[in-house]
Amino acid sequence: MYRNLSAELVRRKLTQNDIAKLLGISISTMSCKMNGKSEFTLSEARTIYAFLKTDVPILELFEMEE
């Protein structure tokens, strides 16, 4: 699970569906990625990071926690 990414989405009042639309993927695919069942591509991570414009370093934002 991407706890830091989830927290950032909550802070910005965004949903997984918002990010799925940004990436052009289904909500079920997004859910699998957020739950660690599949991985974000480098391109997807960069797109999300650029969209969020956060001060959190990208490696920390996409740090996987169990």
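Preceding this paragraph is the structure being described.
Owing to the predicted nature of the structure, the values given are computational and were not obtained by experimental measurement.

> Describe the packing of aromatic side chains, naming the residues involved and giving the relevant values.
How two aromatic rings sit relative to each other is given by the distance of their centres and the angle of their planes. All chains considered together, the criterion is met by 3 aromatic pairs. Residues Y2 and F62 carry aromatic rings whose centres are separated by 6.1 Å and whose planes lie at 70 degrees to one another, so their mutual orientation is edge-to-face. Placement of Y2 in the segment before helix 1 (3-11) and of F62 in the segment after helix 5 (58-61) is noted, with a sequence separation of 60 residues between them. Comparing Y2 with F62, the two get one shared label, buried. Pairing F40 with F62 gives two aromatic rings, centres 5.5 Å apart and planes at 75 degrees, and the pair type is edge-to-face. Highlighted residues: F40 in the loop between helix 3 (27-34) and helix 4 (42-52) and F62 in the segment after helix 5, separated in sequence by 22 residues. The burial state of F40 is the same as that of F62; both residues are buried.

> Can you tell me about the packing of helix 2 (residues 16-23) against helix 3, naming the residues and giving the values?
It is at 9 Å that the axes of helix 2 and helix 3 come closest, and there the two elements cross at 110 degrees. Taken as axis vectors, helix 2 and helix 3 run roughly perpendicular relative to one another. The residues of helix 3 that touch helix 2, namely those facing Q16, N17, I19, A20 and L23, are I27, M30, S31 and M34.

> I'd like a rundown of the environment of D18, residues and numbers included.
Among the structural elements, D18 can be located in helix 2. For D18, a relative accessible area of 31% translates into the label partly exposed. With 12 residues separating them in the primary sequence, D18 and M30 have C-alpha atoms 9.9 Å apart. Looking at D18, its side chain comes within polar contact range of the main-chain nitrogen of T15, at 2.8 Å.

Cut-off values and rules
- Residues numbered from 1 in each chain as written.
- Predicted model: local features only at pLDDT ≥ 70, side-chain atom pairs only at ≥ 80, totals over all residues.
- Heavy atoms only, no water.
- Phe/Tyr/Trp six-rings, centres within 6.5 Å; stacked < 30°, edge-to-face > 60°.
- Helix = DSSP H or I, 4+ residues; strand = E, 2+ residues; numbered from the N terminus.
- Buried < 20%, exposed > 50% of the residue type's maximum accessible area, 1.4 Å probe, protein only.
- Axes fitted to C-alpha atoms, helices over the stretch in contact; angles between N-to-C directions.
- Parallel < 35°, antiparallel > 145°, perpendicular 65-115°, else oblique.
- Contact = heavy atoms within 4.5 Å.
- Polar contact = N/O pair within 3.5 Å; in protein donor to acceptor, adjacent residues only side chain to side chain.

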